[in-house]
Amino acid sequence: MDSLWLTTAKLPSFPALSSDLKTDVLVIGGGLCGLLCAHALTEAGVSCALIEADRIMRGVSARTTAKITSQHRLIYDRLIRSRGVEAAQLYREANEAALGRYRRLCGEIDCGFEEKDAYIFDRTGTAALEREWTAMARAGLHATFDDALPLPFPVAGALRLPHQAQFHPLRFAAAISEGLNIFEQTAALAWDGRAVVTNRGRIAADKVIVATHFPLFNKHGAYFLKLYQHRSYVLALRGAPDVDGMYLDAQETGLSFRNSGEFLLLGGGSHRTGKSGGGYDALRADAKAYYPDAEIAFRWATQDCMTLDGLPYIGQYARSTPDLYVATGFGKWGMTLSMAAATILRDLVLGRSNPCALLFSPSRSMMKPQLLVNGFEAAVSLLTPTRPRCPHMGCALKWNLQEHTWDCACHGSRFTREGKLISGPAAGDLPSVPPQKSK
Ligand code: FES
């Protein structure tokens, strides 16, 4: 079953690269972030091309809940404690600017853009919300406290941030991709410092932006140490109420709610890729308990790249690669942070200063507790003597009983039952797979 977004939008198609090319900037990756980077650069008058290995907007960007907001769970309290008030203010600024740019662009596009209030709720207590409320105020965001929400269970409290937004991401992407220099079915294979070698020819580019969900090139930047992936799940329910807002549980494994047309989008079941967790089974049980008369019209799962400190990596790919840039690790906030990334990368490519660039620099310190967790996961997985092995870096793959896929806990690559690559960072299929039962 495809996502609601893929079923209700018509995306344009683009030719594959047919000969070698020269461009000022090459963007690799045709998800929302890549398209927004190419759009911002083209608008600034830069000669820019974008290549996509498959077709545009067929990856995680098509499997989102499509919320545009500066309220990202409990991030402001965490940011102030780890990096200070100024960092929280810059984070707010980057996200508010992204929301403003969406507002302007969506004013001319039929993409279901609607202003909605965003809520973070907690069912267990109010202490964390109160800390976040204070932190949001220090960062410059004016939330209000609520304790009565139109959700199917009571909450201890909620923070409401007014005038955020939701939209149809594929209709938006279809409109902004018009007029861009895009090549589909064109996969980047290597970068030699002057050009990107693809399966269809060579593209010489002064600057290259890697916007491929998980960064493509292993040789630089140590992204295999700095990123891991999380899966989460969405059900589109027909016959459930309109909750008139966008709601998210403050707890990592909690539920999210928003409407889209006649559907209520219920999200949750989140877990690290390759590890067990709620998945569709838990989400279906929640839907049945809270909305027994509703019918599941669509369901989809997505996968997010998570960083060591909860902030995305946006900027120079590595200290040693001044002309190679990256945008990745948006956590669960890819719509808003993709727009922030496009603005920052446009400015860096043009040599302009951007006040938020340092906050998101991929070269910031890696000394975070999550680095130890990632190292432990990798060590356990590498030492587990089972087959099949992940072609990315050799970790043991786990059979995912709910989705019938082979999943890698190290960096999140996934494969079909037959061993065909679903999503990277692995770049190819499995040579062979043992037979598996469905349940
Ligand atoms: Fe890196 Fe599997 S995704 S080893």
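Our structure is the block above this text.
Position labels on residues start from 1 in each chain and follow its written sequence. In keeping with the predicted nature of the model, local features appear solely for residues at pLDDT of at least 70, side-chain atom pairs appear and are counted solely at 80 or more, and the whole-chain, interface and lining totals rest on all residues. Side-chain metrics rest on all non-hydrogen atoms present in the structure, leaving aside hydrogens and water.

Undergrad: An account of the environment of arginine 299 is requested, with residue identities and associated values reported.
TA: Among the secondary structure elements, arginine 299 is positioned in strand β15 (residues 295-307). Only protein chains enter the accessibility calculation, which uses a 1.4 Å probe. A residue is then buried if its area is under 20% of the maximum for its type, exposed if over 50%, and partly exposed in between. For arginine 299, a relative accessible area of 29% translates into the label partly exposed. C-alpha of arginine 299 to C-alpha of tyrosine 233: the two residues are 66 residues apart in sequence and 7.5 Å apart in space. Only DSSP runs of H or I with at least four residues qualify as helices, and only runs of E with at least two residues qualify as strands; both kinds are numbered from the N terminus onward.

Undergrad: Residues and numbers for the side chain of arginine 73, please.
TA: You can see arginine 73 is positioned in the loop between β3 (67-68) and α3 (75-83). Here glutamine 251 takes part through its backbone oxygen, which lies 3.2 Å from a polar atom of the side chain of arginine 73. When residues no more than four places from it in sequence are discounted, the contact partners of arginine 73 are Ile120, Glu132, Leu248, Asp249, Ala250, Gln251, Glu252 and Trp333. Each polar contact in these results corresponds to two N or O atoms within 3.5 Å; when the atoms are within protein, one needs to be able to donate a hydrogen and the other to accept it, and residues that are neighboring in sequence are counted only if both atoms are side-chain atoms. Any two residues having at least one pair of non-hydrogen atoms within 4.5 Å are treated as being in contact.

Undergrad: Outline the environment of leucine 149, supporting the account with residue identities and numerical values.
TA: With respect to the helices and strands, the residue leucine 149 is situated in the loop between β5 (144-146) and β6 (157-166). Classification of leucine 149 as buried rests on a relative accessible area of 14%. Through-space distance from the C-alpha of leucine 149 to that of isoleucine 422 is 38 Å; in sequence the pair is 273 residues apart. Non-local contacts of leucine 149, meaning those with residues more than four positions away in its chain, are made with Tyr119, Phe121, Val155, Ala158 and Tyr247.

Undergrad: How would you explain the packing of aromatic side chains if you had to name every residue and give the values?
TA: For Phe, Tyr and Trp, rings pair up if their centres lie within 6.5 Å, where Trp contributes its six-membered ring, and each pair is then called stacked (planes under 30 degrees apart), edge-to-face (over 60) or tilted (otherwise). Tallied over the full model, the rule gives 18 aromatic pairs. Ring centres of tyrosine 102 and phenylalanine 172 lie 5.3 Å apart, and the angle between their planes is 55°; this geometry places the pair in the tilted category. Of the two residues, tyrosine 102 is situated in helix α4 (residues 85-106) and phenylalanine 172 in helix α6 (residues 169-176); the sequence distance between them amounts to 70 residues. Given a relative accessible area of 0%, tyrosine 102 falls into the buried group. For phenylalanine 172, a relative accessible area of 0% puts it in the buried group. Note on criteria: charge over ring means Lys NZ or Arg CZ within 6 Å of the ring centre, with the direction from the centre no more than 35 degrees off the ring normal. Lysine 226 extends its terminal NZ or CZ atom over the ring of tyrosine 223, reaching a point 4.5 Å from the ring centre. Lying over the aromatic face of tyrosine 313, lysine 226 brings its terminal NZ or CZ to 5.0 Å of the ring centre.

Undergrad: Tell me about the packing of α4 against helix α9 (residues 334-349), and name the residues and values.
TA: Here an angle of 0 to 180 degrees is reported between the N-to-C directions of two axes, which are lines fitted to C-alpha atoms, with helices fitted over the stretch in contact. Where α4 contacts α9, the two axes come as close as 8 Å, and the packing angle between them is 95°. It follows that α4 is roughly perpendicular to α9 by the angle criterion. Residues Tyr91, Ala94, Asn95, Ala98, Arg101, Tyr102 and Leu105 of α4 pack against Met335, Thr336, Leu337, Met339, Ala340 and Thr343 of α9. Amino acid classes used here: Ala, Val, Leu, Ile, Met, Phe, Trp, Tyr, Cys and Pro are nonpolar; Asp, Glu, Lys and Arg are charged; the rest, including Gly, are polar. Per-class residue counts for the contact of α4 with α9 are nine nonpolar, three polar and one charged. Oblique is the label for any angle not under 35 degrees, not over 145, and not in the 65 to 115 range, which are roughly parallel, roughly antiparallel and roughly perpendicular in turn.

Undergrad: Can you tell me about α3, naming the residues and giving the values?
TA: Along α3, the residues that are buried comprise Ile75, Tyr76, Asp77, Leu79 and Ile80. Buried residues along α3 sit in contact with α4 and α5 (127-139). Looking at the residues trailing α3, positive phi occurs at glycine 84, about 100°.

Undergrad: Can you explain the side chain of glutamate 52? Please cite residues and give values.
TA: Tracing the sequence through the fold places glutamate 52 in the loop between β2 (48-51) and β3. Of the buried charged residues, glutamate 52 lacks a salt bridge, with arginine 58 as the closest side chain of opposite charge at 8.7 Å. Not counting the four nearest positions on each side in its chain, glutamate 52 is found in contact with Gly29, Gly30, Gly31, Phe183, Glu184, Gln185 and Thr186. Only four residue types enter the charge count: Lys and Arg as positive, Asp and Glu as negative, with His and the chain ends excluded. Here a salt bridge means any side-chain nitrogen of Lys or Arg lying within 4 Å of a carboxyl oxygen belonging to Asp or Glu.

Undergrad: Just give me the short version of unusual backbone geometry, but keep the residues and values in it.
TA: With an omega dihedral of 0°, the bond running from arginine 387 to proline 388 counts as a cis peptide bond. Secondary-structure assignment places proline 388 in the loop between α11 (369-383) and β18 (397-400). Of note in this structure, histidine 163 is not a glycine but carries a positive phi near 60°. Its place among the elements puts histidine 163 in strand β6. Overall, histidine 163 belongs to the partly exposed group, its relative accessible area being 48%. In this structure, glutamine 185 is a non-glycine residue whose phi angle is positive, near 55°. Along the chain, glutamine 185 falls in the loop between β7 (182-183) and β8 (188-191). Taking the relative accessible area as the measure of exposure, glutamine 185 reaches 34% and is therefore partly exposed.

Undergrad: Can you break down the pairing of strand β11 (residues 227-238) residue by residue, with the values?
TA: Of all the 12 residues making up β11, 11 are buried; the element is thus mostly covered by neighbouring parts of the structure. Looking at chain direction, β11 and strand β14 (residues 263-272) are connected through eight bridges and run antiparallel. Counterpart to valine 234 in the pairing with β14 is glycine 267. The rule for pairing is simple: two strands pair if DSSP sees at least two bridges between them.

Undergrad: Would you mind going over the state of the cysteines in detail, with residue names and values included?
TA: Our working definition of a disulfide is a cysteine sulfur pair at a distance within 2.5 Å. By the definition in use, this model includes one disulfide. Two residues, cysteine 395 and cysteine 410, share a disulfide whose sulfurs are 2.1 Å apart. Taking the sign of the S-S torsion, about -85° here, the bridge from cysteine 395 to cysteine 410 comes out left-handed. Here cysteine 410 lies in the loop between β19 (405-408) and β20 (414-416) and cysteine 395 lies in the loop between α11 and β18, a separation of 15 residues in the sequence. Here cysteine 33 stays unpaired: no disulfide links it, and the sulfur of cysteine 37, its closest cysteine neighbor, is 4.2 Å away. On the basis of relative accessible area, cysteine 33 is assigned to the buried category, the value being 7%. For cysteine 356, which is in no disulfide, the shortest distance to another cysteine sulfur is to cysteine 37 and amounts to 15 Å.

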